[in-house]
Amino acid sequence: MASTHSGPGSTLASTSSSSSASNSALTPIVASERVFQWNDHAALWFSLGVGLLVMQIGAYLVPAVGSREAVIAILLGSVVGSGLLAWTARLGCETGLSSAGLMHATFGSKFGRLPVLLNMAQLIGWTTFELVIMRDATAGIGKQSFGLALGGLGGVAATTLLWGAVLVALLAGSMTKVVRKLISRVGLPLVVASLIWLTWQFGSQLQTQGLGAFWARPGDGSMGMLSAMDLVIAMPVSWLPLVADYARHGKSGRSAMSGTWLGYALANIWCYALGVLVVSVAQPDTDLVTALLMAQGGLLALSLILIDEIDNAYGDVYSCSVSGHSLKPRWSVRQWGIGVAVVCTALAMVLPMHSLEPFLLVLSSVFVPLFGVILGRLAMGSPDLSSSNRKVDWTAAGLWLVGIACYHLLGNFAPQWGSALPTLALTFTLAWLTRPATTTLQEVRV
């Protein structure tokens, strides 16, 4: 039963004041709301790990690196990146804090608002980008299969509003019910079936062309092994600012960690590998959506993946709404969610999101060192949450800035080493070495 849960979160919950209790994002979640079991975490993060964007990024690996190197990078990068995601999930579950709460607990009640605002900005951007991807894929399906021209102003507006309306409808309900009933029981079996079918179709084509030639194919040298791993790690790391918002609803830290790790790692490996598979057998200059549609049964499989894509947008908006609630608790998480979904739908119709992708990737890079500091401060031993009682933890803030500089310096001057892992290692180590001596669990103040 959820009421038997014990640990840091329950200790903190017992000490929360009535003034802070109104801000559910910055206080540990109560035991009655801890309903996620291992299978819920695994289903959620497998579903969130599946997406057309992941497949598209997987397609970038070849011919930059050879097929053998691509497979190794996918396996190692997925295991390591998903492990970091799972570690953060365990921290969120054991403390009962949202991502915004972890940021406040590490950087202080005032300075912690900066990463919360940056997180909201990137989540609004990525949600808008997801809506554009779903709109474009819908237009591709309509053109290839039904001869519909949805690329005009009316078609763009109609398909964007369609997916925006679905997103608003989901956010009007309960997050835990969406995960446990819609994603786990309906969405997961359908998306697994579509992935199996597409893997069979493109795997058969690859076998016809010759597995030996594929396996021996070299890369063009434009990307090294560590850079390829960095590209694979990028997807699970991009979810770091969100995972605690869901994991805090778990019944135990161990199940949150193992379920998140296994679910996301399997999805990441599968989708990256499928992207490599598709680009390896498709005709040159054929985009991913067209290649998927040309496969036997591709329309149905792509449609199922497209429907599953909505949970990525939902995950972004829900987490954004929790972060917004931490800043303005007068608005409920549900009100924040519906408002953000409406804003993202409007932005998807007017912004040139494809040209803004590099900016979003740069913005995302600030969260690699951010969570290196958070994990170094909170994830070893008993979490010290005393920084939440200060306005600014200058040491943590300084380490974050050092990490951001390290990330970009590596990307510019030593790209062959990658940026994510070295930056995470540096910020985690420095944060762990400089963590306060006390480990007393204290109240998280608003």
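As the structure is a prediction and not an experimental result, all values here were calculated from the model. (Residues numbered from 1 in each chain as written. Predicted model: local features only at pLDDT ≥ 70, side-chain atom pairs only at ≥ 80, totals over all residues. Heavy atoms only, no water.)

Asker: Provide a residue-level description of the nonpolar core, including the pertinent values.
Answerer: Counting residues in each nonpolar core, the largest one holds 122 residues, and the members touching the most others are Trp45, Met55, Leu61, Leu292 and Ile374. Leaving out residues up to four positions away in the same chain, Leu292 has contacts with Leu52, Met55, Leu198, Phe202, Val278, Gly298 and Leu302. (Core = buried A, V, L, I, M, F, W, Y, C linked by side-chain atoms within 4.5 Å. Buried < 20%, exposed > 50% of the residue type's maximum accessible area, 1.4 Å probe, protein only. Contact = heavy atoms within 4.5 Å.)

Asker: An account of helix α6 (residues 99–107) is needed here, citing residue identities and associated values.
Answerer: In terms of residue burial, α6 counts as a mostly covered element, since 9 of its 9 residues are buried. Listed as buried for α6 are Ser99, Ala100, Gly101, Leu102, Met103, His104, Ala105, Thr106 and Phe107. After α6 finishes, the residue Gly108 shows a positive phi value of roughly 105°. (Helix = DSSP H or I, 4+ residues; strand = E, 2+ residues; numbered from the N terminus.)

Asker: Outline the packing of α6 against helix α12 (residues 240–247), listing residues and values.
Answerer: Axis separation between α6 and α12 bottoms out at 7 Å; the angle between their running directions is 115°. Comparing the axis directions of α6 and α12 gives the class roughly perpendicular. In this structure, α6 uses Ser99, Leu102 and Met103 to contact α12, whose residues at the interface are Leu240, Pro241, Leu242, Val243, Ala244 and Asp245. The class makeup of the residues in the contact of α6 with α12 is 7 nonpolar, 1 polar and 1 charged. (Axes fitted to C-alpha atoms, helices over the stretch in contact; angles between N-to-C directions. Parallel < 35°, antiparallel > 145°, perpendicular 65-115°, else oblique. Nonpolar A, V, L, I, M, F, W, Y, C, P; charged D, E, K, R; others polar.)

Asker: With reference to specific residues and values, describe the confidence of the model for the protein chain.
Answerer: The pLDDT averaged across the protein chain works out to 85; a share of 89% of its residues lies at or above 70. In the model, residues 1–21 has pLDDT below 50 throughout and makes 37 contacts with residues more than four positions away in sequence or in other chains. pLDDT under 50 marks residues 439–446. Its contacts with residues more than four places away, or in other chains, come to 31 contacts. (pLDDT = per-residue confidence, 0-100.)

Asker: Could you give me a rundown of the pattern of salt bridges, with the residues and numbers involved?
Answerer: Tallying each qualifying case throughout the model produces 5 salt bridges. Its salt-bridge partner being Arg90, residue Glu94 comes within 2.9 Å of it at the nearest N-O pair. Placement of the pair is Glu94 and Arg90 together in helix α5 (residues 67–95), with a separation of 4 residues, close to one helical turn. Residue Glu94 is classed as partly exposed on the basis of its relative accessible area of 26%. Of the charged contacts in the structure, one is a salt bridge between Arg135 and Asp136, with a shortest N-O distance of 3.5 Å. By relative accessible area, which is 34% here, Asp136 ends up partly exposed. Connected through shared salt-bridge partners, Arg377, Arg390 and Asp393 make up one network. (Salt bridge = Lys/Arg side-chain N within 4 Å of Asp/Glu carboxyl O.)

Asker: With reference to specific residues and values, describe the state of the cysteines.
Answerer: For the structure shown, the criterion picks out 0 disulfides. Cysteine Cys320 is unpaired, with the sulfur of Cys344 as its nearest cysteine sulfur at 6.8 Å. (Disulfide = S-S within 2.5 Å.)

Asker: So, the side chain of Asn119: which residues are in play, and what are the values?
Answerer: Within the secondary structure, Asn119 is located in helix α7 (residues 113–146). Of the residues examined, Asn119 reaches a relative accessible area of 0% and is grouped as buried. In this structure the side chain of Asn119 is engaged in a polar contact, spanning 3.2 Å, whose partner is the side chain of Gln122. (Polar contact = N/O pair within 3.5 Å; in protein donor to acceptor, adjacent residues only side chain to side chain.)

Asker: Go over unusual backbone geometry with me, naming the residues and quoting the values.
Answerer: Most peptide bonds take the trans form, and the phi angle of most residues other than glycine is negative. Geometrically, the link from Val62 to Pro63 is a cis peptide bond, its omega value of 10° lying close to zero. Within the fold, Pro63 resides in the loop between α4 (52–59) and α5.

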